[in-house]
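Breakdown of the fold
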Amino acid sequence: MLTLNPSDRSYAAELSAAHSLVRDPASAGMRDVKVTEATGLGQGAFSESAQVVQPKQNVASVGVARGFQDVGALADTSGRAQGDERLVPLARRITPGSPADG
């Protein structure tokens, strides 16, 4: 499943939450959480991948700062271990004002 959602948290808060998951993934029922900077997506972006323990699945997401407070998030829960590698190129193709931008 692929979703595109706005966030009510700032980009800094989203990035901080992602780094918190890297330090303690078990607190969210995850393991092997990785966060990397994603370039070419505007003011700031990062990709995140993790394994959810229960129900067992791989999750990938890309957080994109579109303004000072706005963050759009793409998420892929298809179970592919490298979903973030597919999401970053897709996020680069989505531009503000497109139908997916909501």
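Residues numbered from 1 in each chain as written. Predicted model: local features only at pLDDT ≥ 70, side-chain atom pairs only at ≥ 80, totals over all residues. Heavy atoms only, no water.

**Overview of the environment of Ala28**
- By secondary structure assignment, the location of Ala28 is in the loop between helix H1 (11-23) and strand S2 (30-37).
- When the C-alpha atoms of Ala28 and Val53 are compared, they prove to be 9.1 Å apart, with 25 residues separating the residues in sequence. (Helix = DSSP H or I, 4+ residues; strand = E, 2+ residues; numbered from the N terminus.)

**Quick word on the pairing of S2**
- Pairing geometry for S2 and strand S3 (residues 44-52), over six bridges, is antiparallel. Counterpart to Lys34 in the pairing with S3 is Ser49.
- In sequence, S2 turns back onto S3 through a hairpin of six residues, with Gly40 there showing a positive phi of about 80°. (Pairing = 2+ DSSP bridges.)

**Brief notes about the pairing of strand S4 (residues 57-65)**
- Within S4, seven of the nine residues are buried, leaving the element largely enclosed by the surrounding structure.
- Here S3 runs beside S4; their pairing, made up of nine bridges, is antiparallel. By the bridge assignment, Ala45 is partnered in S4 with Val64.
- Connecting S3 to the next strand, S4, in antiparallel fashion are four residues. (Buried < 20%, exposed > 50% of the residue type's maximum accessible area, 1.4 Å probe, protein only.)

**A word on the nonpolar core**
- Ranked by size, the top nonpolar core spans nine residues in total: Ala38, Leu41, Ala45, Ala60, Val62, Val64, Leu87, Val88 and Ala91.
- Only S4 and helix H2 (83-93) provide two or more residues apiece to this core.
- Residues Tyr11, Ala18, Phe46 and Ala65 belong to the second largest nonpolar core, which totals five residues. (Core = buried A, V, L, I, M, F, W, Y, C linked by side-chain atoms within 4.5 Å.)

**Here we look at the environment of Gln43**
- Relative to the elements of secondary structure, Gln43 occurs in the loop between S2 and S3.
- Under the relative-accessibility criterion, Gln43 is labelled exposed at 55%.

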